[in-house]
Structures are given as structure tokens and as C-alpha cells.
Amino acid sequence: MKARWTRVDELFNDGRHNAWPDICYWRERYYVAFNASGVSHGGGHGLSLLESVDGERWEQVLMTGQDEWPGGDAVRGGTCPKLLPTSDGLLIFFNYYAAGQPIAEAQREQLWREWSALGGGKALFEHWLNHHDTSFATGCVRTTDGRAFSGAVPVLDRGWRLWRPHTRAGIHYIIGYRCHGQDREITRQLAEMAARPDTEMFESASLFCSTDGLEWSKVSDIAADDNDEADFDFAEDGRMLMVSRTGASLKPERPAMAYRSAPPYAAWLPLTLSEPVQAPALRRFDGRWILAGRGSVAGTAVPSRFAPDREMDQYAATRLWELNEGTGELTPLATLPSWGDGSYPGIVPGPDGELWVVYYSCSHTVDENLLMGPGPLPGKTAPTAIYLARLRLKD
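Just so it is clear, the structure is predicted and the values come from calculations on it, not from any experiment.

The rules behind each value
Residues numbered from 1 in each chain as written. Predicted model: local features only at pLDDT ≥ 70, side-chain atom pairs only at ≥ 80, totals over all residues. Heavy atoms only, no water. 1 Å grid on protein atoms, 1.4 Å probe; cavity = no way out; pocket = protein on both sides within 12 Å on 5 of 7 lines; lining within 4 Å. Points joined across faces, edges and corners; volume = space filled by probe spheres on them. Helix = DSSP H or I, 4+ residues; strand = E, 2+ residues; numbered from the N terminus. Nonpolar A, V, L, I, M, F, W, Y, C, P; charged D, E, K, R; others polar. Pairing = 2+ DSSP bridges. Axes fitted to C-alpha atoms, helices over the stretch in contact; angles between N-to-C directions. Salt bridge = Lys/Arg side-chain N within 4 Å of Asp/Glu carboxyl O. Phe/Tyr/Trp six-rings, centres within 6.5 Å; stacked < 30°, edge-to-face > 60°. Buried < 20%, exposed > 50% of the residue type's maximum accessible area, 1.4 Å probe, protein only. Core = buried A, V, L, I, M, F, W, Y, C linked by side-chain atoms within 4.5 Å. Contact = heavy atoms within 4.5 Å. Polar contact = N/O pair within 3.5 Å; in protein donor to acceptor, adjacent residues only side chain to side chain.

**Student:** I'd like to hear about empty space enclosed by the protein, residue by residue, with values.
**Tutor:** A full pass over the atoms with the stated rule returns two cavities of 30 Å³ or more. Together, Trp20, Pro21, Lys82, Trp163, Arg164, Ala279, Pro280, Tyr344 and Pro345 line the largest cavity. Those elements that provide at least two residues to the lining of the largest cavity are β2 (17–26), β19 (278–285) and β25 (343–349). Residues of the lining of the largest cavity, tallied by class, amount to seven nonpolar, no polar and two charged. Contributing to the lining of the second largest cavity are His45, Gly46, Leu47, Thr64, Gly65, Asp67, Glu68, Trp69 and Gly78.

Set out below in C-alpha cells:
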């Protein structure tokens, strides 16, 4: 298969930090949701929703205030919005942070004994303790007309974040990833990760289902491989393929993982992919698995500007691959115009056989924007913009 992008449009750029978009088609219109007008990667955003009949002219139908959703005890407002179109309305899911509950010193000693007995190291244990300073959560709002929105309501318990939902045969499904870095005991999943020195996020993935998009029931646990930012889709026979990043790095030794399951999705088979992919977006398109996300570009590694004796920089772009479900091999299809800390794509079929990919990227370029590495990365500070790419795929 071959792919080429035929057009890339800048949908939104106000000179500030705009990031983490998603796209869907609902009631004869396209919608793009994203975090807008932030100070930096670290926060200060509102949440914006754009609407278009044809993908040519876009109207902003929502712009919340800085960290307006969900309110309450949130210390950082809604991020990474994800869209669920239903027959009754359009739902917007978002993650947010609340204050955590640090573990008391007396309990730490007992937990350290249990941790070390599992083969876990002291540095990773301290990293786990630091995760308790924040509590992760998910909220949701709903609109029936694309103009008026309900108040934000919590979804699932604290410690769960939800990613992109999909629907099959009238049932909605979503991947939840739980941060065991906020557990107050050594759970089964945490025990699996404690002995791995490369654990970063302490997260596991589970599948949930719903009939209304608001009340969710767990279907099955998928994996405890430091999974987060997981997307999935369905094949023609109903089998499901899910792709997750493993940790937050793009190191070759941390490739993305895929997991396969057939209805009723009670058991999962793991599949190691051939390279790391961050923020994966997966679609079944014309009988093939198309994966988009942030990936490193071979041959671009150079000594880091910040730590040249021990780190390497590399150009990491928004890319598309074809995923081989049998082997896990990723075959590159296209690299979109992008640089700095960006990507986080969403995919929707467009008209006339096109594939539309929405993503974010640093919105101006100098040579250093082609590099990533430790320290303040291009893209983690303003300006960044939201882009829509149109692609054609053919054999």
C-alpha cells in the first residue's frame, strides 16, 4: 500500500499552545475538539470545538475558559478531549487532575518491604510515591445540538483516565487506563510493573462498554505493560485490535504494544510492534489496519544539546503506518508536516475515499525545531497549531 497527503490545512492558531485534538462525524457535520489557548504543555488551556459541514469552512461553536471544565477540586482542567457521536447527542470526554493523597511515612516503610521483596528498586519506588501527589480523573459533557453543553460529570472512579471511544452494533466501547501510581497498596498489576526498571507510568489498560456513553461497565482487563493513550478499532468480523504506547519515551527498547481479542472481548493476545509509537490512533480502513502517531525518523539522531554525553535527540514526526496484525510489523505510509512535540492524531474517513487526520504541531520552524530531547522542547511551549491532513491510500 502507498499513501500520500494531498493537502494540509491549519485549522486553528492563535499564537498560543493548542494541542491534543480529536475528530468525528456527527449529524452530517465534522467536529474537531482540542485544548486551546494554553500557556504551555503544562496547562492553562480552555477546550475548543470546531464544526464544519464540508471540511472547508470551520466555525468555533465552543470555547471554554481556562481550566473551566470540570471545576470543583480540579487542579488542572480538562485535557485531551475525545469525541463520542451517538444517536442522542455528542459526548466530549476529557481527563483532569485533582490533588492527590501522599502516603504517610509509617506506611511507606511497609510498602517498601513489599516492593523490594518483588525485586523492585529504590529509585522506582520513590518514583511511584511521587505519583500520589496527583489524582487522575475523567469527566464528560454532552450536547444535543452542538451549541448548548451540559455540566461536566465524572466518569468512573478516581485513578482512571479514558481515551478515545468507538461504537459497534449499538454498544459503545472505551479503553480506560488506571494509574497504579496512585494505589495505596501493592496491587496485582503494580506487582507486575514494580520489578521492571523501565516502568514509567505505572498504568494498566482495561476495556469498558456502555449503552449511553455515561454509565460504563468493565468488560475485561487487557494488560499491565505501562499502557496508556490506547486506541482501537474493529475488523469486519467484530474482532478488536488495540494499540498502546508503553511509557512516555520513544526509546527503541520500548516499542508500542498491540492486543487482539474476539467477541465478547474477554481474553487478549499481546503483539509487540516493530517500533515505538506515541499517542496512537488506529483505524480499520479498506480492510487494512492504519496507525497514526508520533514516531522517530531514522537517521535523525544527533548528540543532545542538553546532555551530549548521555542523551540523543531525534526528529519525531506525525506519521502513518500500515500495521500487520500477524507480525506486528509497521510499514511506513506517510510523514505529515510536523515538528517539535506534537502529533496526538485523530482519524476519520473523509469523502471520496480520503482519510482525514487531525493533529497538532509546532506552528513555526527553525532548524532546532526538528530536534527533540530533554529540557524545554519545541512544541511544549507556544505557539502550536491544529492541522488537518487529507490523505489518499492505494495499492
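**Student:** Give me the lowdown on the sheet that holds strand β23 (residues 316–323), citing residues and values where you can.
**Tutor:** Sheet strands associate in pairs through backbone hydrogen bonding, adopting either a parallel or an antiparallel arrangement. The four strands lie next to each other as β19-β20-β23-β24, forming an open sheet whose pairing is antiparallel. Of all the strands in the sheet, just β19 and β24 (330–335) have a single pairing partner and so form its edges. With strand direction ignored, the average angle separating the axes of adjacent strands in the sheet is 30°. When β23 meets β24, the two strands line up antiparallel, connected through five bridges. Bridge pairing in β24 places arginine 319 opposite threonine 335.

**Student:** Could you give me a rundown of the pattern of salt bridges, with the residues and numbers involved?
**Tutor:** Throughout the structure, instances matching the rule amount to 28 salt bridges. Note that arginine 196 and aspartate 225 form a salt bridge whose closest N and O atoms lie 3.5 Å from each other. Residue arginine 196 is found in the loop between α3 (188–194) and β13 (203–210), and its partner aspartate 225 is found in the loop between β14 (217–223) and β15 (227–234); the two are separated by 29 residues along the sequence. In this structure, the salt-bridge partner of aspartate 226 is arginine 254, at a minimum N-O distance of 3.3 Å. Within this pair, whereas aspartate 226 is found in the loop between β14 and β15, its partner arginine 254 is found in the loop between β16 (240–246) and β17 (257–261), the two being separated by 28 residues in sequence.

**Student:** Provide a residue-level description of the packing of aromatic side chains, including the pertinent values.
**Tutor:** The geometry of an aromatic ring pair is captured by the separation of the ring centres together with the interplanar angle, meaning the angle of the planes. Enumeration over the complete set of coordinates arrives at 24 aromatic pairs. For the pair tyrosine 30 and tryptophan 356, a centre-to-centre distance of 4.5 Å together with 35° between the ring planes defines the contact as tilted. One end of the pair, tyrosine 30, is in strand β3 (residues 29–38); the other, tryptophan 356, is in strand β26 (residues 355–362), and 326 residues separate them in sequence. Here tryptophan 356 falls in the buried class, since its relative accessible area comes to 0%. On the numbers, 5.8 Å between centres and 85° between planes, the contact of phenylalanine 232 with phenylalanine 234 is edge-to-face. Neither residue differs from the other here; phenylalanine 232 and phenylalanine 234 are each classed as buried.

**Student:** Give me the lowdown on the nonpolar core, citing residues and values where you can.
**Tutor:** Ranked by internal contacts, the top residues of the largest apolar core, which has 21 residues, are Ile23, Val32, Phe34 and Ile386. Elements with a contribution of two residues or more to this core: β1 (2–12), β2, β3, β25, β26 and β27 (384–394). Top contributing element to this core by residue count: β3, with four residues. In this view, isoleucine 23 contacts Tyr31, Val32, Leu83, Gly346, Ile347, Val348, Trp356, Val358 and Leu388; residues no more than four positions away in its chain are not counted.

**Student:** Can you tell me about the side chain of glutamate 229, naming the residues and giving the values?
**Tutor:** Locating glutamate 229 in the fold gives a position in strand β15. Relative accessible area serves as the criterion here: at 6%, glutamate 229 is assigned to the buried category. In this structure the side chain of glutamate 229 is engaged in a polar contact, spanning 3.3 Å, whose partner is the side chain of arginine 245. Within the local environment of glutamate 229, its side chain forms a polar contact with the side chain of tyrosine 344, the two groups lying 2.7 Å apart. Setting aside chain neighbours within four positions, we find glutamate 229 in contact with Trp163, Tyr177, Val243, Arg245, Ala279, Pro280 and Tyr344.

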